[in-house]
Amino acid sequence: LWDGILGHLKERLTRPTFETWIKPASAQRFEEDRLVIRTPNPFARSWLQQHYAGAIAQAGEQVVGRPIHVDFVVSDHVEETPKRVPERESAPPAPSNNGASLNSKYTFSRFVVGANNRMAHATALAVAEMPGCNYNPLFLCGGVGLGKTHLMQAIGHYRLESDPKTRIAYISTERFTNELIEAIRRDSMQNFREHYRRVDLLMIDDIQFIEGKEYTQEEFFHTFNALYEAGKQIVIASDRPPQLIPHLQERLSSRFSMGLITDIQQPDLETRMAILQKKAEYENMFVPQEVIHHIASAYTSNIRELEGALIRAVAYVSISGLPMTVETISPILSPPRTRGEITDEAILDLVCNEMKVTLEDLRSESRRRDISQARQMCMYLLRKYTDLSLPKIGQALGGKDHTTVLYAIDKIDQSRSRDPEVQRLLNGLCNRLEADAR
Ligand code: ADP
Ligand code: MG
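Reference entry: report on the structure contained in this document. Predicted, not measured: the structure shown is a model, and the values here were computed from it.

## Points about the pattern of salt bridges
Pairing between side chains of opposite charge can happen when their charged atoms approach one another.
Okay, step 1: Within the structure shown, the criterion is met by 19 salt bridges.
Okay, step 2: Put simply, Lys105 and Glu283 hold a salt bridge, and the shortest N to O gap is 3.5 Å. Of this pair, Lys105 sits in the loop between strand S3 (69-74) and helix H5 (118-129) while Glu283 is found in the loop between helix H11 (269-282) and helix H12 (289-298), placing the two residues 178 residues apart along the sequence.
Okay, step 3: Between Arg193 and Glu219 there is a salt bridge; the shortest N-O distance is 2.9 Å.

Here it is as structure tokens:
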């Protein structure tokens, strides 16, 4: 099998990549469609995992003729420093807990708490300690790469540790949909329903993808109710709050809001540095403080990219033989994203759609509450994301003068700190804009 995979990869990857990363690795075992690959050191493991897991799985699929799952372990001769928590990957495969495939790194101990995620972390921990009691459902929302999946899976790990017999399911909305379609096709709805309605903890990720999928919504609604009524914990993650998920049935939206909605914001510099520091420690990488600071300053809005930059820097230094300094790694960091990518049109469009007003309303003199809130929101977002001057912003909204614009921005700023509803709405809009600008 491994030789077959090597054959495919050799064709697909460049020679240096193949020689540096693939060749030193080997297959350790292959069981139940799970291929475990042995790597020479922790760094190679995380590099392969992040960059080539997909390619290897694809090559494997071509060889075996069905999808396979790949995992990486570090060869046995590498001593783990006492500081590191033993990794699940290097231990014998954990008994499959009802098919919930959790990433062994996504634990509470590896989650850095900062001002941006303190609430989300605290509530997740509360749910992990007393599932079904406090916040049900727990609805985690936040932009791409800010740690929703990590936090959600941490709850799963915690539950399994305190009660290995507990039945948990972690599933992406996409997979839920696919399994549902498959169940219909195979006429096995009974099994499907029993499977998800029997668990003690259901974690469903990226629920925003349920938008417009009527049948999935229908089925999920019943799953939700069955679990909820049985006092089982439900955790949901989404890149935006329920009311901003388009075409979401009202009854689902209201159920999602029944427990607690908590959001994760973008991390500040200090938190980003702490995350890099922790990552470097776990991966046994030595990275000077200035370099940590430099990388943390360049990547502000997505922790996945932040970590990716660190890995790239370490790889670059180890391959090039250069010292790890701010100067040597600068060329491999991508330039920080500029604000200009979010256009005024995109902002007006989004606000109209999400807040159910028309462009005409926005530009009118109407003082209707919903319209003036939407108008103020536009002004706020235009100020935040574009280079338009205050008078220009006023013009874009039907010729308001710049003091009106200033007032509006101030108003949103104040109400977001007082009113969690406004804060949530604003976060949702910002996340959406930033995601679309990618
Ligand atoms: P999301 O699901 O919100 O898109 P993820 O949970 O997949 O984001 O997180 C992206 C990456 O960032 C993961 O590797 C995760 O471990 C890491 N990460 C996010 N937040 C934190 C944090 N607070 N501390 C440590 N690592 C984090
Ligand atoms: Mg996620």
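So that's the structure; there's more coming.
## Section: the sheet that holds strand S8 (residues 260-264)
Okay, step 1: Spatial ordering of the open sheet is given by S5-S6-S7-S4-S8, a layout of five strands whose pairing is parallel. Sheet topology places strand S5 (168-172) and S8 at the edges, where each strand pairs with a single neighbour. Across the sheet, the mean angle separating the axes of adjacent strands is 15° when strand polarity is ignored.
Okay, step 2: As paired elements, strand S4 (residues 138-142) and S8 share five bridges and run parallel to each other. Each bridged residue has a counterpart across the sheet, and for Leu140 the counterpart in S8 is Thr262.

## A word on the site of ligand 1
Okay, step 1: Taken together, the neighbourhood of ligand 1 is formed by 17 residues, with Gly145, Lys148, Thr149, His150 and Arg304 sitting nearest.
Okay, step 2: Val112 places a polar main-chain atom, nitrogen or oxygen, 2.8 Å from a nitrogen atom of ligand 1.
Okay, step 3: The separation between an oxygen atom of ligand 1 and a polar main-chain atom of Gly145 is 2.7 Å.
Okay, step 4: Protein contact buries 92% of the 560 Å² of open area that ligand 1 shows by itself.
Okay, step 5: Those elements that place two or more of their residues in the shell around ligand 1 are helix H6 (148-162) and helix H13 (303-320).
Okay, step 6: Taken together, the residues of the shell around ligand 1 sort by class into seven nonpolar, six polar and four charged.

## Side note on the packing of helix H15 (residues 344-355) against helix H17 (residues 369-385)
Okay, step 1: Across the interface, H15 lies against H17 with an axial gap of 10 Å and an inter-helix angle of 150°. In terms of axis orientation, H15 runs roughly antiparallel to H17. Handedness of the crossing formed by H15 with H17: right-handed. In this structure, H15 uses Asp344, Ile347, Leu348, Val351 and Met355 to contact H17, whose residues at the interface are Gln373, Ala374, Met377, Cys378, Leu381, Leu382 and Tyr385.
Okay, step 2: A breakdown of the residues in the contact of H15 with H17 according to their chemical character gives ten nonpolar, one polar and one charged.

## Overview of the sheet that holds strand S1 (residues 26-31)
Okay, step 1: Strand order in the open sheet made by the three strands is S1-S2-S3, with mixed pairing throughout. The outermost strands of the open sheet, each flanked by one partner alone, are S1 and S3. Within the sheet, the average angular offset between the axes of one strand and its neighbour, ignoring direction, is 25°.
Okay, step 2: For S1 and strand S2 (residues 34-39), the ladder comprises five bridges, and the chain directions are antiparallel. Paired with Phe30 across the bridge in S2 is Leu35.
Okay, step 3: Here helix H3 (residues 42-51) sits on the sheet in contact with S2 and S3, set at roughly 165° to S3.

## Some details on unusual backbone geometry
Okay, step 1: With an omega of -5°, the peptide bond running from Asn136 to Pro137 counts as cis.
Okay, step 2: Counting through the fold element by element, Pro137 comes out in the loop between H5 and S4.
Okay, step 3: Not every positive phi belongs to a glycine, and Glu32 is a case in point at roughly 45°.
Okay, step 4: Position of Glu32 among the secondary structure elements: in the loop between S1 and S2.
Okay, step 5: Under the relative-accessibility criterion, Glu32 is labelled exposed at 81%.
Okay, step 6: Phi at Asp206 takes a positive value of approximately 50°, unusual for a residue other than glycine.
Okay, step 7: Mapped onto the elements, Asp206 comes out in the loop between strand S6 (201-205) and helix H9 (214-229).
Okay, step 8: We classify Asp206 as partly exposed; its relative accessible area is 24%.

## A few points about the side chain of Thr386
Okay, step 1: Of note, Thr386 is situated in the loop between H17 and helix H18 (390-396).
Okay, step 2: A distance of 2.6 Å separates a polar side-chain atom of Thr386 from the backbone oxygen of Leu382.
Okay, step 3: For Thr386, the side chain forms a polar contact with the main-chain nitrogen of Leu388, separated by 3.3 Å.
Okay, step 4: If near-sequence neighbours (up to four positions away) are discounted, Thr386 is found in contact with Ile342, Thr343, Asp344, Ile347 and Leu381.

## Quick word on the packing of aromatic side chains
Okay, step 1: In the structure shown here, the tally under the stated rule is ten aromatic pairs.
Okay, step 2: Taken together, a centroid distance of 5.8 Å and an interplanar angle of 35° make the contact between Phe139 and Phe256 tilted. Here the residue Phe139 occupies a position in strand S4, and Phe256 occupies one in helix H10 (residues 250-256), the gap between them amounting to 117 residues.
Okay, step 3: A residue is classified by how much of its surface remains accessible, and Phe256, at 0% relative accessible area, is buried.
Okay, step 4: An angle of 15° between the planes, with centres 5.9 Å apart, marks the rings of Phe224 and Tyr228 as stacked. Of this pair, Phe224 and Tyr228 both sit in helix H9, four residues apart, which is roughly one turn of that helix.

Criteria and thresholds
Residues numbered from 1 in each chain as written. Chains lettered and ligands numbered in written order. Predicted model: local features only at pLDDT ≥ 70, side-chain atom pairs only at ≥ 80, totals over all residues. Heavy atoms only, no water. Salt bridge = Lys/Arg side-chain N within 4 Å of Asp/Glu carboxyl O. Helix = DSSP H or I, 4+ residues; strand = E, 2+ residues; numbered from the N terminus. Pairing = 2+ DSSP bridges. Axes fitted to C-alpha atoms, helices over the stretch in contact; angles between N-to-C directions. Near = heavy atom within 4 Å. Polar contact = N/O pair within 3.5 Å; in protein donor to acceptor, adjacent residues only side chain to side chain. Areas by Shrake-Rupley, 256 points an atom, 1.4 Å probe, with all protein chains shown as cover. Nonpolar A, V, L, I, M, F, W, Y, C, P; charged D, E, K, R; others polar. Parallel < 35°, antiparallel > 145°, perpendicular 65-115°, else oblique. Left-handed = near helix turned anticlockwise from the far one by under 90°. Contact = heavy atoms within 4.5 Å. Buried < 20%, exposed > 50% of the residue type's maximum accessible area, 1.4 Å probe, protein only. Phe/Tyr/Trp six-rings, centres within 6.5 Å; stacked < 30°, edge-to-face > 60°.

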